[in-house]
Amino acid sequence: MNKRILWASALALAATFTPQINALADATNLIVITQRRQSDPTVSRTDLDDRRGPGMVSPGDMALHLYLGDNGYSCRYIPITELDAGFANPFTGNLGNPAAFLANTNYFNAKLLFLTGAASSADNPNLTSFNVPTLVGEAGLLGNGAAGSVFLYTTDAGTGFPRNIDINGATGNPWGDYMTVTAAGKLHPIFQGIPLDAQDRVKMVRAPYPEEELHRPPNAVDGKPNFEYYWLFTTAPPATGTEILAVMSDNTNASCLAVADVGAVLADSSANGRRLVHLPWTTESTGKSRRTFNSMSDLGKVITLRAAKWAMGETLTPYVPLGVIQTSQVSPNKIKLEWMGDATKNYKVLGTADLATPANQWQTVVQDIPGTNGNTSVKLDISNGPQFAFFRVTPVP
């Protein structure tokens, strides 16, 4: 049910905006997201028997699944063992069948593969022969140290290099919230139009919600935090054809977002057969909450989506941040919000009477506003509200 909030005529108005995403998805793009081996109870009871959670799902990977769905893509969330032709399920005896998921023969096979950090690098088979564009969120696969390595770097990027940093309250935030876009990154389609600060940085990690840890078990019984973010970065030397688009702002020698195009020379001297992306975020596996994607900033999610679109060969139009044209008073009881819109999006207006209110607690004023290319607007009745109010316009999804 839509909840409509009315605002007083004596009004101080501020409008802020969350990022919008342009470009429609190709309906034939099916995305495969790898799931942990331990999530399948016929293979392992590790996740099922851990009463601390999160159970037989990785919440961050499921959030990624939902986010991609909101942006028009169909996804399959598949245990990594189903992609390993050499793995026999101990319960059924069936071997993994990667061709059933990755052979690019019809609408229902993979056009993109997300190798998430939730699945151990040791569980990832070599899938190079399928030439499916791949986004890598597992440290042990970036270099040359595992069967499923993608050879973006010349040494094992998963050994000897700090890359997964838990930033919950117990350990602090030693690696910061920002990545710095390189000169090459600023020219790459993924970053076209992405707003950078004066130091060429992008904030990738949101702030914890005030109530995010309110109900979890205490540390004394090893309660898992709901807010955790793991960077995926490496100081390993890049392959000849690897292009580093962003580095850690607190360690500019550490690559955290890199790509290799088709034909690029990889660290095993092979010519790359599909587009590869080293993602800046990962998910720690056993013993953690696996909620990194949930803790990412809105702009970080936009960058992830643009990386996926680039990998699949979609034409990326420059990202256009939502901008206010004007706020005007139509009558003593009504105001008009107007902004640059996009016909491929719907919009909603959020509001609060207290600017200190956390972003996740702003209330919906009106939603399902159809977007238009150019000026998009909505009129709000402010006759019965508080003396001061603040609004935020956001595209959906």
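Use the structure listed above.
Given the structure is predicted, the values throughout are model-derived calculations rather than measurements.

S.K.: Mind laying out the nonpolar core, listing which residues take part and the relevant values?
M.R.: In terms of nonpolar packing, the biggest core is built from 48 residues, with Phe114 and Trp231 touching the most fellow members. For this core, the elements supplying multiple residues, two or more each, are β2 (30-35), α1 (59-70), β3 (74-79), β4 (110-115), β6 (178-181), β9 (243-248), β10 (251-260) and α4 (298-311). In terms of residue count, α4 provides more of this core than any other element does, eight residues in total. Grouped together as the second largest cluster of nonpolar side chains are 27 residues, Leu142, Ala146, Ala264 and Leu276 included.

S.K.: So what about the sheet that holds β2? Which residues, and what values?
M.R.: The nine strands are arranged β3-β2-β4-β5-β11-β10-β9-β6-β7 in an open sheet whose pairing can be described as mixed. The two strands at the open ends of the sheet, each matched to only one other strand, are β3 and β7 (201-203). Taken over all neighbouring pairs, the strand axes of this sheet differ in orientation by 25 degrees on average, direction set aside. The sheet contact formed by strand β5 (residues 134-136) and strand β11 (residues 276-278) spans three bridges and is parallel. Considered in β11, the bridge of Leu135 is made with Val277.

S.K.: Quick rundown of α4? Include the residues and the values.
M.R.: Under the 1.5 Å per step criterion, the end-to-end length of α4 is 20 Å for 14 residues, consistent within 8% with the ideal 20 Å. Within α4, 13 of the 14 residues are buried, which leaves it mostly tucked inside the rest of the structure. Gly313, located one to two residues past α4, shows a positive phi value of around 85 degrees.

The rules behind these values
- Residues numbered from 1 in each chain as written.
- Predicted model: local features only at pLDDT ≥ 70, side-chain atom pairs only at ≥ 80, totals over all residues.
- Heavy atoms only, no water.
- Core = buried A, V, L, I, M, F, W, Y, C linked by side-chain atoms within 4.5 Å.
- Buried < 20%, exposed > 50% of the residue type's maximum accessible area, 1.4 Å probe, protein only.
- Helix = DSSP H or I, 4+ residues; strand = E, 2+ residues; numbered from the N terminus.
- Pairing = 2+ DSSP bridges.
- Axes fitted to C-alpha atoms, helices over the stretch in contact; angles between N-to-C directions.
- Expected span 1.5 Å × (residues − 1).

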